[in-house]
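These are the residues of each chain, in order.
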Amino acid sequence: HLSISDHVWNMTELTEKFKFQGLPPNEATRIRQWERMVSEKIEMLLVVKRYRTPQALRSFARLFTVFLPPFYAPFYGQMAKDLNSLPMAISFAVITAIALTSLFESITQMEDPFLGNLILDNIDVDGELKKDLKRQLLARRRRHFKEAPQFRASDSVEIYET
């Protein structure tokens with residue numbers, strides 16, 4: 001399985017071969033510029049994926065959401081006494097616990113946007129690279145190089161393999 005950086009390197013080697021075959025220098029420079037931009041964007045995605053909140057801080061947040069509501073118990077007891085309504089105090093206690101847990105879960109889902117179809121707001125890198133990018137690149141190739149032969153199934157190279 002080739003990584004994305006391996007494919008970029010293959011593109012660099014092909015550009016050098018094209019230059020040897022007569023590709024104009026300005027076109028080779030443009031290809032190199034695109035390679036650099038793709039590499040920079042991939043590096044940015046890797047930084048988002050790899051460098052997340054430290055595990056100790058995430059564990060502290062989880063413990064905080066579980067153990068904080070009992071510390072408010074005296075406040076809710078006083079609220080029940082002042083309002084003369086135990087159901088009102090219990091509902092506020094439950095709402096506080098649910099709010100803290102919801103906040104923690106939303107932070108957890110925002111932490112790793114590459115979870116695929118496991119969460120609603122995600123980045124489907126596999127789908128983006130395999131389907132959408134490939135389709136767009138082939139459409140642009142057909143538009144700019146109308147006389148070029150179509151790719152055969154054996155010519156197809158997967159951009160991103162899992």
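Scroll up to find the structure.
A brief structural summary.

1. Focus: the pattern of salt bridges
Inference 1: The full count for this structure, using the stated rule, is six salt bridges.
Inference 2: Note that glutamate 16 and arginine 32 form a salt bridge whose closest N and O atoms lie 2.4 Å from each other. Of this pair, glutamate 16 sits in helix α1 (residues 4–21) while arginine 32 sits in helix α2 (residues 25–50), placing them 16 residues apart in sequence.
Inference 3: Exposure remark for glutamate 16: the relative accessible area of 35% places this residue in the partly exposed category.
Inference 4: Assessed through its relative accessible area of 33%, arginine 32 is described here as partly exposed.
Inference 5: The salt bridge involving arginine 62 is made with glutamate 105; its shortest N-O contact spans 2.8 Å. Within this pair, whereas arginine 62 is found in helix α3 (residues 55–71), its partner glutamate 105 is found in helix α5 (residues 86–111), the two being separated by 43 residues in sequence.

2. Some remarks on the side chain of threonine 65
Inference 1: Of note, threonine 65 is situated in helix α3.
Inference 2: The exposure class of threonine 65 is buried, given its relative accessible area of 9%.
Inference 3: Once residues lying within four places of it in the same chain are set aside, the contact partners of threonine 65 are Leu100 and Phe104.

3. What to know about the packing of aromatic side chains
Inference 1: Overall, the coordinates contain three aromatic pairs when judged by the stated rule.
Inference 2: Pairing tyrosine 72 with tyrosine 76 gives two aromatic rings, centres 6.3 Å apart and planes at 65°, and the pair type is edge-to-face.
Inference 3: Look at tyrosine 76 and you get buried, because its relative accessible area is 10%.
Inference 4: Plain terms: the ring middles of phenylalanine 75 and tyrosine 76 are 5.5 Å apart, the flat faces sit at 65° to each other, and that makes the pair edge-to-face.
Inference 5: Through a chain of ring-to-ring contacts, three or more aromatic side chains come together here, namely Tyr72, Phe75 and Tyr76.

4. Structural notes on helix α4 (residues 73–83)
Given 3.6 residues per turn, any residue in an α-helix points the same way as the ones three and four places further on.
Inference 1: Within α4, the full set of buried residues consists of Tyr76, Met79 and Ala80. Along α4, the residues classed as buried sweep out an arc of 100° about the axis, all on the same side. More than 90 degrees from the buried face of α4, the exposed residues found are Pro74, Lys81 and Asp82.
Inference 2: Of the surrounding elements, those touching the buried residues of α4 are α5.

About the thresholds
- Residues numbered from 1 in each chain as written.
- Predicted model: local features only at pLDDT ≥ 70, side-chain atom pairs only at ≥ 80, totals over all residues.
- Heavy atoms only, no water.
- Salt bridge = Lys/Arg side-chain N within 4 Å of Asp/Glu carboxyl O.
- Helix = DSSP H or I, 4+ residues; strand = E, 2+ residues; numbered from the N terminus.
- Buried < 20%, exposed > 50% of the residue type's maximum accessible area, 1.4 Å probe, protein only.
- Contact = heavy atoms within 4.5 Å.
- Phe/Tyr/Trp six-rings, centres within 6.5 Å; stacked < 30°, edge-to-face > 60°.
- Arc of directions from axis to C-beta.

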